[in-house]
Amino acid sequence: MRKKDPSNRVISLTRRREEKKGLSTKTSRQTRSSKARVIAITSGKGGVGKTSIVGNIGYAFTKLGKKVLILDADLGLGNLDVLLGLAPKYNLSHVIMGEKTIGEILVEGPGRMSILPASSGIQELTHLNKDQKIQILTQLDRLVDCVDILFIDTAAGISSNVMDFNATAQEVVVVVSPEPTSITDAYALMKVLSLKYSGKTCKLIVNMVRQPEEGREVFRQLQLVTDRFLDITIEYLGYVLFDDKVSKGVKSQKIVSELFPETLASKCFTDISRKIFNMSPVNVPESGSNLFWRHLV
Ligand SMILES: Nc1ncnc2c1ncn2[C@@H]1O[C@H](COP(=O)(O)OP(=O)(O)OP(=O)(O)O)[C@@H](O)[C@H]1O
Ligand SMILES: [Mg+2]
C-alpha cells in the first residue's frame, strides 16, 4: 500500500485554517519565504524545565504568527503531550515500528502548534539504531518544510539519542538551573557538544532563578570554563524566574503562558521568544534539507 506523504496533514490543516479565515488558499510551502529554523532544547541534568520552555516558547511563536512544530524527542519518557493536555492515540513508537507515518501521528496543541508525541515507558526507544534515526529524520525533514520553526524537546543527558538530535538542529539551546549539579552537568553536555555539534555556538537559558542577576551569574561561571577549556562559544538567551504558577499549569495540563499570561514566568518566556525571533538563523544546512545529516550517514 502507498504510504501517505507526511507533510500532507500539516499542509491540509494549515490550508483549512487559512481558507476559514479567508486569508489564502496557497500551501504553507508557497507562503513561507525561507527555510525553517530547527532549534533543539536540551540539558545535562533532568528536570530543569526543557519541556516547559519548549511548550511556552512554541506557544509564544504562534502568537508571533509562526507555524510551529514540536518534536518530543524524549523517546522513552516523553511527556510533552501530558503537559499540553493532549491524549494522542499514536506516537513516534508507531512510526519506528512502521505502523504509521510521521504525518499520521501529528496532533494539534495550544495556539494550533503541531505536536509529534513520543511514547513513555518503552525502553528500547532510548537507544535507537542508525536506521531507525534515519527513518524518523527523513520523514521529519519533509514535514519541517511546511512550518516556520521546529523545536526539538530532547531527553536530559549525553546519550547518543540526545546527541544525534542536537547535532541535527541548526541551533542548540542548553537549559540550566542555578543548582551546582545542574551547572556541572551543563558543562559536561557542552563538552560533548563541542565534539559533535557543527554549530560550535550554543545558547543558554537559566531557568528557575530567584532574581535576574542569578541568571547572568550562572552564565558568567559557565562562560569562564567553556572559553578556557572547550572549542564552543556560549551565548546568553536569558532567564526564567522561579514561579509556582508553572507547576499550577502542569497540574491543570495547560501551559502557564496560556493559563496565566501575566505571571512572571510567562513574561520571561515571551522575552526569550522575542529574542530568538529577532535573531538571524545561524548554521543553516546548504542542501535542500532543514536538518543536518552528516553525523548519521
Ligand atoms: N520557571 C519555573 N518555575 C517553577 N517551576 C518550574 C519552572 N520551570 C519548570 N518548573 C517545574 O519543574 C518541573 C520540571 O519541568 P520540565 O518537565 O519542564 O523539565 P524537563 O527538563 O523537561 O524534565 P526532564 O529532564 O524530565 O524531561 C515541572 O514540575 C515544572 O512545573
Ligand atoms: Mg522534559
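Residues numbered from 1 in each chain as written. Chains lettered and ligands numbered in written order. Predicted model: local features only at pLDDT ≥ 70, side-chain atom pairs only at ≥ 80, totals over all residues.

K.L.:
Hey, could you go over the overall build of the protein for me, with residue numbers and the actual values?
P.N.:
For the protein, the helix and strand inventory stands at 12 helices and 8 strands. Going through the 297 residues of the protein one by one, you find that 45% of them count as buried. Counting only contacts in the protein whose residues sit at least 6 apart along the sequence, the fraction spanning at least 24 positions is 78%. (Helix = DSSP H or I, 4+ residues; strand = E, 2+ residues; numbered from the N terminus. Buried ≥ 20, exposed ≤ 12 C-beta atoms within 10 Å, placed from the backbone. Contact = placed C-beta atoms within 7 Å.)

K.L.:
Describe in detail the environment of L237, supporting the description with residues and values.
P.N.:
Mapped onto the secondary structure, L237 falls in strand β8 (residues 233-241). Measuring from C-alpha to C-alpha, the distance between L237 and G215 comes to 9.9 Å, with 22 residues separating the pair along the chain. Non-local contacts of L237, meaning those with residues more than four positions away in its chain, are made with V173, K203, L204, I205, I272 and K275.

K.L.:
An account of the pairing of strand β5 (residues 149-156) is requested, with residue identities and associated values reported.
P.N.:
Of all 8 residues in β5, 8 are buried, a share of seventy percent or more. Relative to β5, strand β2 (residues 68-73) runs parallel, the two sharing 6 bridges. Paired with V68 across the two strands is I149, which belongs to β5. (Pairing = 2+ DSSP bridges.)

K.L.:
Account for the site of ligand 1, with residues named and values stated.
P.N.:
Taken together, 19 residues sit near ligand 1, with G46, G49, K50, T51 and S52 positioned nearest. For the shell around ligand 1, the elements supplying multiple residues, two or more each, are α3 (50-63), β7 (201-209) and α10 (244-251). For the shell around ligand 1, a count of residues per class yields 8 nonpolar, 8 polar and 3 charged. (Near = placed C-beta within 6 Å. Nonpolar A, V, L, I, M, F, W, Y, C, P; charged D, E, K, R; others polar.)

K.L.:
Please give an account of the sheet that holds strand β3 (residues 107-108) that cites residues and values.
P.N.:
Taken together, the 8 strands give an open sheet; going across it, the order is β3-β4-β2-β5-β1-β6-β7-β8, and neighbouring strands pair in mixed fashion. Because the sheet does not close on itself, it has two edges, and the strands there are β3 and β8. Sheet analysis places strand β6 (residues 171-176) next to β7, joined by 5 bridges and oriented parallel. Within β7, the residue paired with V174 across the bridge is L204. Packed on one face of the sheet, α3 meets β1 (37-43), β2, β5, β6 and β7 and runs near 170° to β5. (Axes fitted to C-alpha atoms, helices over the stretch in contact; angles between N-to-C directions.)

K.L.:
Help me get a handle on the environment of S289, residues and values and all.
P.N.:
Relative to the helices and strands, S289 resides in the segment after α12 (264-278). Using a count of 17 C-beta atoms within 10 Å as the deciding quantity, one classes S289 as partly exposed.

K.L.:
Any chance you could break down the packing of α3 against α12 for me, citing the residues and the numbers?
P.N.:
At a closest axis distance of 9 Å, the pairing of α3 and α12 adopts a crossing angle of 65°. Between α3 and α12 lies a crossing of right-handed hand. In this structure, α3 contributes N56, I57, A60 and F61 to the contact, and α12 contributes F269, T270, I272 and S273. By residue class, the composition of the contact of α3 with α12 is 5 nonpolar, 3 polar and no charged. (Left-handed = near helix turned anticlockwise from the far one by under 90°.)

K.L.:
How would you sum up the nonpolar core? Please name residues and give values.
P.N.:
In this structure, I70, L150, V173 and V174 are the most contacted members of the largest nonpolar core, which totals 81 residues. Excluding residues within four positions of it along the chain, I70 makes contact with V54, G58, L80, M113, I115, L116, F151 and D153. (Core = buried A, V, L, I, M, F, W, Y, C linked by C-beta atoms within 7 Å.)

K.L.:
Please provide a residue-by-residue account of the packing of helix α8 (residues 180-196) against helix α9 (residues 212-229), values included.
P.N.:
Contact geometry of α8 with α9 gives a least axis separation of 11 Å together with a crossing angle of 40°. Relative to α9, the element α8 lies oblique. In terms of crossing hand, the pair formed by α8 and α9 is right-handed. Between α8 and α9, the residues in contact are I183, A186, Y187 and M190 and V218, Q221, L222, V225 and T226, respectively. Partitioning the contact of α8 with α9 into residue classes produces 7 nonpolar, 2 polar and no charged. (Parallel < 35°, antiparallel > 145°, perpendicular 65-115°, else oblique.)

K.L.:
Mind laying out the confidence of the model for the protein, listing which residues take part and the relevant values?
P.N.:
Low-pLDDT stretches of the model should not have their predicted coordinates read in fine detail. When pLDDT is averaged along the protein, the result is 87; 86% of the residues meet or exceed 70. Within the model, pLDDT remains below 50 along residues 1-7, and this stretch shows 16 contacts once partners closer than five positions in the same chain are excluded. Low confidence marks residues 13-33, where pLDDT is under 50. Its contacts with residues over four positions away, or in another chain, come to 20 contacts. (pLDDT = per-residue confidence, 0-100.)

K.L.:
Lay out unusual backbone geometry with the relevant residues and their values.
P.N.:
You will see that M208, though not glycine, has its phi angle at about 65°, which is positive. Phi angles above zero are rare outside glycine, and Q253 is one such case at about 55°. Within the secondary structure layout, Q253 lies in the loop between α10 and α11 (256-259).

K.L.:
Give me the pairing of β8: which residues, what numbers.
P.N.:
Note that β7 and β8 share 8 bridges and pair parallel. Bridge pairing in β8 links T201 to T233. On the question of chirality, the crossover connecting β7 to the parallel β8 by way of α9 is right-handed. (Right-handed = clockwise from strand over helix to strand, strands pointing away.)

K.L.:
Account for helix α7 (residues 160-168), with residues named and values stated.
P.N.:
Of all 9 residues making up α7, 7 are buried, and the element is well covered by its neighbours. Those residues of α7 not exposed but buried are N161, V162, M163, F165, N166, A167 and T168. Residues of α7 that are buried make contact with β1, β2, α6 (130-144), β5, β6 and α8.

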